[in-house]
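# Report on the structure
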Amino acid sequence: MMDEDIQILYKNGIEAYRRGELQKASDLLMQVVEASEEDHRAWNALGVVFTRMKKYEDADVCFENALTLDPSNEVYMRNREKNQGHMKKSVKDQLSTVHLPQLSEIPVLYRVIGIVGIIALIVILALVLPPVLNPPPQALSSGEIPVNIDITDDLVIINNPGGPGLEKVQKFEITVNNQSMDSLGPAPRILNPYPPSTLAIPIDDLYPVSDNNIVTFRVTALFQDESSREVLTKTLTLPVIEEEPVIEEPVFIPHDPLFKTGDVLLRKENGTYLLISELLPDNQYRILELIRRNDGYFVVQPGLARNGSMQEYESQYQKTAELPVPADSVFKPGTPYQARSTTTSSAGKNPLYVPGDLISRSSGSTQEVLVVLGYDPATDEYATDTISRYYTGEWGYRPDTTAEWMTRADLERTYPARVNRIALSQIGIGADSSPPGTEPKYREGDIVARDRGADAAQLLILSYDPKTGEYGTDIIRRSYDGGWDRDGKNTPVLRSTLEREYPYKARNVDVSLVKIR
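Here is what the cut-offs are and how they apply
Residues numbered from 1 in each chain as written. Predicted model: local features only at pLDDT ≥ 70, side-chain atom pairs only at ≥ 80, totals over all residues. Heavy atoms only, no water. Patch = residues over 30% accessible without salt bridge, like charges linked within 9 Å, V, L, I, M, F, W, Y side chains within 5 Å. Areas by Shrake-Rupley, 256 points an atom, 1.4 Å probe, with all protein chains shown as cover. Salt bridge = Lys/Arg side-chain N within 4 Å of Asp/Glu carboxyl O. Helix = DSSP H or I, 4+ residues; strand = E, 2+ residues; numbered from the N terminus. Core = buried A, V, L, I, M, F, W, Y, C linked by side-chain atoms within 4.5 Å. Buried < 20%, exposed > 50% of the residue type's maximum accessible area, 1.4 Å probe, protein only. Pairing = 2+ DSSP bridges. Axes fitted to C-alpha atoms, helices over the stretch in contact; angles between N-to-C directions.

### Considering a nonpolar patch on the surface
Taken together, I115, I119, V123 and L127 make up a surface patch of nonpolar side chains, about 400 Å² in accessible area. Inspection of the secondary structure assignment puts I115 in helix α7 (residues 108-133).

What follows is the structure in structure tokens.
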């Protein structure tokens, strides 16, 4: 045992003594002296505990050992003297202190009387002293101690309701199938000697020590004079544990992946691009989402990585390109990656179209026109989008910013006619956009109308914001004095909307001279 463990036992023993737990204190200090016989402090402390427990002979031995190890310790000397004052002297020692007169000094009659008296005294002492000097053990003299036991669905409950002999009980010892309760686990399992007290034992803790689910409990009362008495013996049958059905684990069948790290996948239905960044061991791909720029470069979108079933992605996507795998095998978000070519169908041929070309299925047809946005030589694909005319008849605007990619061979075969060409910077986004690079039709002070009628509603142009492509407008009317007045509002209207719905300019006025109603 380590010195540190011995010190902890000594400290716990002193604390138990101070709390009045004498039996616990003696047990702990006894472990200390057994582990370290040279510890005079422990011998002295154990002697003090035995004195309090009225075990004076045992206490005297402890004090003697302490003084042997530390002969000059005055505290140990005083403790031994106090203990010896409690020790019972034998009858012989008591009688040796009595002065008896010489036989020659006693008259004959008195001698006879004395002899008879001595014999009578001896008889009386023989009858009286044994019960006084050697009282019967408390285990026999104490009354009934009614400890009972019961079993529920998940607990065994031992109950101490109290009884006439309980005040002499120091503690209870409990065994199950002749094994101490301590064998059921590290937590102490104690039935307290003061009533009422209950000890609950989980049934699951009893199965390891049971024989065919049968357990026998024995409860023994230990009394203050160290005598003992068995107060309960009972055999219980534990509930039978139903074995849970064995669930067979599914058999894992490895899948031969169709794609590899670096493959770019395309879902034709929505034009979504994905990147295979890793092959996982459980038949899954590690997937990154991509966006594709008009120049053909792919960019990983941040925060959209996920795992997915190989079979699922192989059934919904097709490989369209390959990205070179970085040296550290990590594709970084925001970094553009140029794809490697996966086809040689048009090798050695120059693309027919350039960015800005407007192409159609037939010459002169403008029913369906595409604008070429870019070309990727690595995959031999064009980036395209549909384009429509503005209300002014000019080309044109795209429906949104999403580009569609098509192989060069398919595009040039399906759309063989070039119908026009436009600078990409002149292409707007959305039908409500205005032709980029063109000047607004109206200026500040213009009064515009829906038609040329005299009673047509009119708007006053207050300003134009080229950043938003919006006019600032207000409703304007003729005043009673022949001038103009307005509502005092500044309502923004898209340039394309206003120029389309108010195509006529009535006149221009000085805005500062227009009255506000």
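### Notes on the nonpolar core
Proteins that are soluble and globular tend to have nonpolar side chains buried together. Residues I145, V147, I158, F172 and F217 are the most contacted members of the largest nonpolar core, which totals 28 residues. The element best represented in this core is strand β6 (residues 214-223), accounting for five residues.

### Section: the sheet that holds strand β18 (residues 388-389)
The three strands are arranged β18-β19-β22 in an open sheet whose pairing can be described as mixed. The outermost strands of the open sheet, each flanked by one partner alone, are β18 and β22 (428-429). Relative to strand β19 (residues 395-398), β18 is paired through two bridges, and the arrangement is antiparallel. Among the inter-strand pairings, R389 is bridged to a residue of β19, identified as W395.

### Some points on the sheet that holds strand β2 (residues 155-160)
The strand order across the open sheet built from three strands is β1-β2-β5, with neighbouring strands paired in antiparallel fashion. Unpaired on one side and paired on the other, β1 (148-151) and β5 (197-202) mark the two borders of the sheet. On average, each strand axis in the sheet is inclined to that of its neighbour by 20°, with strand direction left out of account. Here β2 runs beside β5; their pairing, made up of six bridges, is antiparallel.

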